[in-house]
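Spelled out, the chains give:
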Amino acid sequence: MSHENDEQSAFWEELAPDWLASLKHTELVSAPFGAGALSRLSLQAGQRVLDVGCGAGSTTLEIARRVGDSGHVLGLDIAPAMVAAA
């Protein structure tokens, strides 16, 4: 088993509690960037999307809203605490 990402995983797992504590502020500040990125994806109902680095899941939820009940989105993150929050 490869352990190439152990250092990054440990970094994000340590950072996760502080990140989650300031989540509302972080999402407020980064919202325009996320909105711009999502608008360029031209998401449509029924699409299947992989959200890599989903963090606490706000973008994943917006993608799910856009692809609708006939679509599917899967969010992945390196920090289990972030996935748990999502």
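Everything here concerns the structure above.
Because the structure is a prediction, the values reported are computed rather than measured.

As for the environment of Cys 54
Point 1. With respect to the element layout, Cys 54 can be found in the loop between β1 (48-52) and α3 (58-67).
Point 2. When the C-alpha positions of Cys 54 and Leu 38 are compared, they lie 13 Å apart, and in sequence the two are 16 residues distant.
Point 3. Every residue in contact with Cys 54, bar those within four places of it in the chain, is listed here: Thr 60, Gly 75, Leu 76 and Asp 77.

Considerations on the packing of aromatic side chains
Point 1. For the structure shown, the criterion picks out 2 aromatic pairs.
Point 2. Plain terms: the ring middles of Trp 12 and Trp 19 are 5.7 Å apart, the flat faces sit at 75° to each other, and that makes the pair edge-to-face.
Point 3. On the accessibility criterion, Trp 12 (26% relative accessible area) is partly exposed.
Point 4. An aromatic cluster of at least three residues, connected via ring pairs, comprises Phe 11, Trp 12 and Trp 19.

Some thoughts on the nonpolar core
Point 1. In terms of nonpolar packing, the biggest core is built from 6 residues, these being Leu 38, Leu 43, Val 49, Ile 63, Val 67 and Val 73.
Point 2. Once you skip the residues sitting within four places of it in the chain, Val 67 turns out to touch Leu 43, Gln 44, Ala 45, Gly 46, Gln 47, Val 49 and His 72.

Considering unusual backbone geometry
If a residue is not glycine, its phi is most likely negative; likewise, a peptide bond is most likely trans.
Point 1. Positive phi values are uncommon outside glycine, yet Ser 42 reaches one of about 50°.
Point 2. Among the secondary structure elements, Ser 42 is positioned in the loop between α2 (23-41) and β1.

Notes on helix α1 (residues 6-21)
Point 1. With 16 residues, α1 should reach 22 Å at 1.5 Å per residue; the first-to-last C-alpha distance of 24 Å fits that figure.
Point 2. The largest bend along α1 reaches roughly 40° and is located at Leu 15, with the proline Pro 17 sitting one to four residues downstream.

Remarks on α3
Point 1. Here α3 has its buried residues at Thr 60, Ile 63 and Val 67. Looking straight down α3, one finds its buried side chains confined to an arc of 60°; they lie on one side. In α3, those exposed residues whose orientation departs by more than 90 degrees from the buried face are Leu 61 and Arg 65.
Point 2. Check the buried side of α3 and you find it contacts α2, β1 and β2 (72-76).
Point 3. With its phi angle positive at about 70°, Gly 68 sits one or two positions after the end of α3.

Thresholds, definitions, all that
Residues numbered from 1 in each chain as written. Predicted model: local features only at pLDDT ≥ 70, side-chain atom pairs only at ≥ 80, totals over all residues. Heavy atoms only, no water. Helix = DSSP H or I, 4+ residues; strand = E, 2+ residues; numbered from the N terminus. Contact = heavy atoms within 4.5 Å. Phe/Tyr/Trp six-rings, centres within 6.5 Å; stacked < 30°, edge-to-face > 60°. Buried < 20%, exposed > 50% of the residue type's maximum accessible area, 1.4 Å probe, protein only. Core = buried A, V, L, I, M, F, W, Y, C linked by side-chain atoms within 4.5 Å. Expected span 1.5 Å × (residues − 1). Bend = angle between axes of the 7 residues up to and from the residue. Arc of directions from axis to C-beta.

Everything listed is a geometric property; what it means functionally is a separate question.
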